[in-house]
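Below, each chain spelled out in residue letters.
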Amino acid sequence: MTTLPPDIKERFYKTIKGKISLDDFEQWLYVDKELEKYLNSDDYFELISLSFKQSGAKYELWNLLTKHIDLGEFETYKMLGLLNEAKQKTERLPYILMEFYDLYCKGYNFFHDLGIGIGLAVEVPRVNNTTADTWDELTYKQQKELLDSFSPELEECIEQIIYWLEKKKIIFTGEHDEIGHYEYEDLRTEEEKKLKLWVTVSEDK
């Protein structure tokens, strides 16, 4: 696998995630010749020969770029991006919390507290005096009260997972098992693996 400097690696990451458009990547590729120093001649020629305007160019570029990145490192980059956005409590917070629940269901068991303890409570909200079955059916006031009820555990859980990722206690492999679940190395202590949050999602209304 190619060893790329951090700035080029991040440009690849952002392009794959769609944060850098095909047009902007193409412009950079033709103007900045730095990438040519790090790729072999065949790989570099593949990139500059790509027709960025053709149908399917995005998928083809994605395939070319992923040849030169560590998929586990890319997964860490994506997870830290989600966690830091959740930490900032942007307007996407409830949907990110539901994504944490989905990630837990797909094999990232270290997301238990954020996913089951909080994300599921957004996916299937338990709010008094309402018949709402989903987040979007709640009123603005109910949504705010529900999100506020997660503090300070929400912030603590986010910081905890960021710490695990930055200290490489959780190491992504970028691979899946035979049933499609994400795989990773778990180097946490037994104490760190203990679950802290639980939620009940069914009740008679």
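Refer to the preceding data block for the structure.
A brief structural summary. (Residues numbered from 1 in each chain as written. Predicted model: local features only at pLDDT ≥ 70, side-chain atom pairs only at ≥ 80, totals over all residues. Heavy atoms only, no water.)

1. Points about a nonpolar patch on the surface
Taken together, the side chains of Tyr-30, Val-31, Phe-45 and Ile-48 present a nonpolar region at the surface, about 390 Å² in accessible area. Taken together, the elements giving at least two residues each to the nonpolar patch come down to α2 (22–31) and α3 (41–48). For Tyr-30, the location among the structural elements is in helix α2. (Patch = residues over 30% accessible without salt bridge, like charges linked within 9 Å, V, L, I, M, F, W, Y side chains within 5 Å. Areas by Shrake-Rupley, 256 points an atom, 1.4 Å probe, with all protein chains shown as cover. Salt bridge = Lys/Arg side-chain N within 4 Å of Asp/Glu carboxyl O. Helix = DSSP H or I, 4+ residues; strand = E, 2+ residues; numbered from the N terminus.)

2. Structural notes on the pattern of salt bridges
Under the defined criterion, the tally for this structure stands at 16 salt bridges. As a salt-bridge pair, Glu-46 and Lys-67 come within 3.0 Å of each other at their nearest N and O atoms. With a gap of 21 residues between them, Glu-46 in helix α3 and Lys-67 in the loop between α4 (57–66) and α5 (71–88) connect regions that are remote in the sequence. By relative accessible area, Glu-46 is classed as partly exposed at 37%. Residue Glu-190 is joined to Lys-193 by a salt bridge in which the shortest nitrogen-to-oxygen separation is 3.7 Å. Highlighted residues: Glu-190 and Lys-193, both in helix α10 (residues 190–193), separated by three residues, approximately one helical turn. (Buried < 20%, exposed > 50% of the residue type's maximum accessible area, 1.4 Å probe, protein only.)

3. Comments concerning the packing of aromatic side chains
For any pair of aromatic rings, geometry is given as the distance between the ring centres together with the angle between the planes. Overall, the coordinates contain 15 aromatic pairs when judged by the stated rule. Arranged with centres 5.7 Å apart and planes meeting at 70 degrees, the rings of Tyr-108 and Tyr-184 form a pair that is edge-to-face. With a gap of 76 residues between them, Tyr-108 in the loop between α6 (93–105) and α7 (112–123) and Tyr-184 in strand β2 (residues 182–186) connect regions that are remote in the sequence. When its relative accessible area of 1% is taken as the criterion, Tyr-108 is described as buried. (Phe/Tyr/Trp six-rings, centres within 6.5 Å; stacked < 30°, edge-to-face > 60°.)

4. Looking at the side chain of Gln-142
Mapped onto the fold, Gln-142 is located in helix α8 (residues 140–148). For Gln-142, a relative accessible area of 14% gives the class buried. In contact with Gln-142, not counting residues within four places along its chain, are Val-127, Asn-129 and Thr-130. (Contact = heavy atoms within 4.5 Å.)

5. Topic: α7
The end-to-end C-alpha distance of α7 is 14 Å, clearly below the 16 Å that twelve residues give at a rise of 1.5 Å each. For α7, the tally of buried residues reaches eleven of twelve residues, placing the bulk of the element in the interior. Within the span of α7, buried status applies to His-112, Asp-113, Leu-114, Gly-115, Ile-116, Gly-117, Ile-118, Gly-119, Leu-120, Ala-121 and Val-122. Elements that come into contact with the buried residues of α7 comprise α5, α6, α8 and α9 (153–166). (Expected span 1.5 Å × (residues − 1).)

6. Section: the layout of surface pockets
Where empty space is left becomes clear once a probe the size of a water molecule has been rolled over the atoms. Taken as a whole, the largest pocket holds about 210 Å³ of empty space. What lines the largest pocket is Ile-16, Lys-17, Trp-62, Leu-71, Phe-74, Glu-75, Lys-78, Tyr-108, Gly-174, Glu-175, His-176 and Tyr-182. Looking at the lining of the largest pocket, the elements that each hand over two or more residues are α1 (6–17), α5 and β1 (170–176). Here the element with the most residues in the lining of the largest pocket is α5; it accounts for four residues. (1 Å grid on protein atoms, 1.4 Å probe; cavity = no way out; pocket = protein on both sides within 12 Å on 5 of 7 lines; lining within 4 Å. Points joined across faces, edges and corners; volume = space filled by probe spheres on them.)

7. Examining the packing of α6 against α7
Where α6 contacts α7, the axes come no closer than 7 Å and their chain directions differ by 125 degrees. Judged by the inter-axis angle, α6 sits oblique to α7. Considering how the two elements wind past one another, α6 and α7 form a crossing that is left-handed. Counted together, Pro-94, Leu-97, Met-98, Phe-100, Tyr-101 and Tyr-104 of α6 and His-112, Leu-114, Gly-115, Ile-116, Ile-118, Gly-119, Leu-120, Val-122 and Glu-123 of α7 form the full contact between these two elements. (Axes fitted to C-alpha atoms, helices over the stretch in contact; angles between N-to-C directions. Parallel < 35°, antiparallel > 145°, perpendicular 65-115°, else oblique. Left-handed = near helix turned anticlockwise from the far one by under 90°.)

8. Some remarks on the side chain of Glu-192
Mapped onto the elements of the fold, Glu-192 is located in helix α10. Aside from chain neighbours lying at most four places away, what touches Glu-192 is Tyr-163, Trp-164 and Lys-169.

9. Regarding the environment of Glu-156
Position of Glu-156 among the secondary structure elements: in helix α9. Owing to a relative accessible area of 51%, Glu-156 belongs among the exposed residues under this scheme. Spatially, the C-alpha atoms of Glu-156 and Leu-114 are 9.7 Å apart, while their sequence positions differ by 42 residues.

10. Quick word on unusual backbone geometry
Across the junction of Ser-151 and Pro-152, the peptide omega takes the value 5 degrees, indicating a cis bond. Relative to the elements of secondary structure, Pro-152 occurs in the loop between α8 and α9. For Lys-89, which is not glycine, the phi dihedral falls at a positive 55 degrees. Considering the arrangement of structural elements, one finds Lys-89 in the loop between α5 and α6.

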